[in-house]
Structures are given as C-alpha cells and as structure tokens.
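Structural features, examined
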Amino acid sequence: ELNLTLTDGGDAEYHLLIPVQVHLLHFRSGADLILSGTVQGEVVGTCSRCVEEYTLPIHREFSVTLSPQFHATHKEIELNADELSAGFYSGEHIDLSAVVHEETLLALPSQPLCQENCRGLCSQCGTNLNVESCTCRPQWRDPRLAVLSTLRLSSQR
C-alpha cells in the first residue's frame, strides 16, 4: 500500500523493496491514546540531480496522540488549530496503517540525493558528472540579468 502512495503522482522518487519495520509502544492518558515508536527500513530513491537510483536507510522516531472521536450531532462546529492537527480514533480496534504511512513519508528527504555533493547531469550533453567529465562549456545566462551585458564600465571605453 505504501508503494502505491509513493507512486500516486506518476514517477516515483522512492519505492520500498521490503516492508518497513515499526516498533510501537502505546499508553493511555484518560481517553487519549499515546503512541510512541520508530519506523525504519530501506527505500530505493531516484536522485533528483543525476537521476540514478540509490538505496537510502530511513529511521524516524515519532510520538502521536489519538483522541476519541465523538459522534457529533448534525450541527456544525468550529475546530481550533490544535483540534485540526489532532488524530482521532473510534471503536475498540484502531487501524494504525495511516500513522505508519504518514511517519514513513515524513522520514523521506524532500529532495532525494544519492550523495550530498552530487554533481548531477550536464545540461548540454546529459553526461553524469559524478562518473565522467564532459567538454561542454557552460553557456547559460540568466535572462533577468541580460540587460547588464549591455553596460560598459568607464575603463572599457
């Protein structure tokens, strides 16, 4: 299910080869249920710079509080900021798959990189600059700064 979530937007930046491991402790505080634990595993990611696949270990510690969901009447009520960010449960059995999915997604880096100093691809020939060099000369210029190329310094006259 988590792989389907990761590929929902089309091209996936990550996919799981094996299921994540979840270690969980739960406590009661009145009617609230406090979950504390870790999510760990390995994912295969696609580097956002060089487009190569790499293996990435993930590990995230988390703590979540679930409050009982009271069945309200049909009238509308306004929720405050704390209530909007809270998790709820109902009944005697609680499906924790949504919590595991959310914590696994939060463990993933927002920009997948195979290594911190990944050099990426050459914008002209497409060579992976981590593997080999290319002879292309960078010619890109910021079009917003094009007007500055028409300026001449007094020493250039």
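This section reports on the structure supplied with the text.

Another aspect to go through is the overall build of the protein chain. For the protein chain, the helix and strand inventory stands at 3 helices and 5 strands. Shown N-terminal to C-terminal, the secondary structure of the protein chain runs as helices and strands in the order α-β-β-β-β-α-β-α. A fraction of 52% describes how many contacts in the protein chain between residues 6 or more apart in sequence connect residues 24 or more apart. Summed over all atoms, the accessible surface of the protein chain reaches about 12,300 Å², with 51% contributed by carbon and sulfur.

With 14 bridges connecting them, strand 3 (residues 32-46) and strand 4 (residues 53-68) associate as antiparallel partners. Of the residues in strand 4, the one forming a bridge with Ser-36 is Ser-63. Linking strand 3 back to strand 4 in an antiparallel pair, the connection comprises 6 residues, with Val-51 at a positive phi of about 60°.

Scanning the entire structure with this criterion turns up 1 salt bridge. Two residues, Glu-103 and Arg-60, come together in a salt bridge whose shortest N-O distance is 2.6 Å. Here Arg-60 lies in strand 4 and Glu-103 lies in helix 3 (residues 97-107), a separation of 43 residues in the sequence. Arg-60 sits in the partly exposed class, given a relative accessible area of 27%.

Another point: unusual backbone geometry. The phi torsion of most residues other than glycine is negative, and most of the peptide bonds are trans. Even without a glycine there, the phi angle at Val-51 is positive, about 60°. Checked against the element boundaries, Val-51 lands in the loop between strand 3 and strand 4. Under the relative-accessibility criterion, Val-51 is labelled exposed at 53%.

Moving on, we get to the environment of Ser-90. Tracing the chain through its elements places Ser-90 in the loop between strand 5 (87-89) and helix 3. Residue Ser-90 is classed as partly exposed on the basis of its relative accessible area, which comes to 37%. Expressed as a C-alpha distance, the spacing of Ser-90 and Leu-66, which sit 24 residues apart in the sequence, is 9.6 Å.

For the rest of this paragraph, the subject is the nonpolar core. Membership of the largest hydrophobic core comes to 22 residues, with the highest contact counts inside it found for Tyr-14, Val-20, Val-43, Leu-56, Ile-58 and Leu-66. Where this core is concerned, the elements lending two or more residues are strand 1 (14-16), strand 3, strand 4 and helix 3. Top element by residues in this core is strand 4. It accounts for 6 residues.

To continue, consider the state of the cysteines. Applying the stated criterion to the full structure yields 0 disulfides. No disulfide involves Cys-47; its sulfur sits 3.7 Å from that of Cys-118, the nearest cysteine.

Structurally, Val-44 is set in strand 3. Residue classification places Val-44 among the buried positions, given a relative accessible area of 8%. With 29 residues separating them in the primary sequence, Val-44 and His-15 have C-alpha atoms 5.4 Å apart. Excluding residues that lie within four positions of it along the chain, Val-44 makes contacts with Glu-13, Tyr-14, His-15, Leu-17, Glu-53, Tyr-54 and Thr-55.

As defined by bridge partners, strand 1 adjoins strand 3 across 3 bridges and the pair is classed as antiparallel. Residue pairing for strand 3: His-15 is matched across the bridge by Val-44. Bridge analysis of strand 2 (residues 21-29) against strand 3 gives 9 bridges, and the strand direction is antiparallel. Across the sheet, His-26 pairs through a bridge with Leu-35, a residue of strand 3. In this antiparallel pair of consecutive strands, strand 2 and strand 3, the connection spans 2 residues, and Gly-30 shows a positive phi of 70°.

How each quantity is defined
- Residues numbered from 1 in each chain as written.
- Predicted model: local features only at pLDDT ≥ 70, side-chain atom pairs only at ≥ 80, totals over all residues.
- Heavy atoms only, no water.
- Helix = DSSP H or I, 4+ residues; strand = E, 2+ residues; numbered from the N terminus.
- Contact = heavy atoms within 4.5 Å.
- Areas by Shrake-Rupley, 256 points an atom, 1.4 Å probe, with all protein chains shown as cover.
- Pairing = 2+ DSSP bridges.
- Salt bridge = Lys/Arg side-chain N within 4 Å of Asp/Glu carboxyl O.
- Buried < 20%, exposed > 50% of the residue type's maximum accessible area, 1.4 Å probe, protein only.
- Core = buried A, V, L, I, M, F, W, Y, C linked by side-chain atoms within 4.5 Å.
- Disulfide = S-S within 2.5 Å.

Spatial relationships are all this shows, so hold off on functional conclusions.
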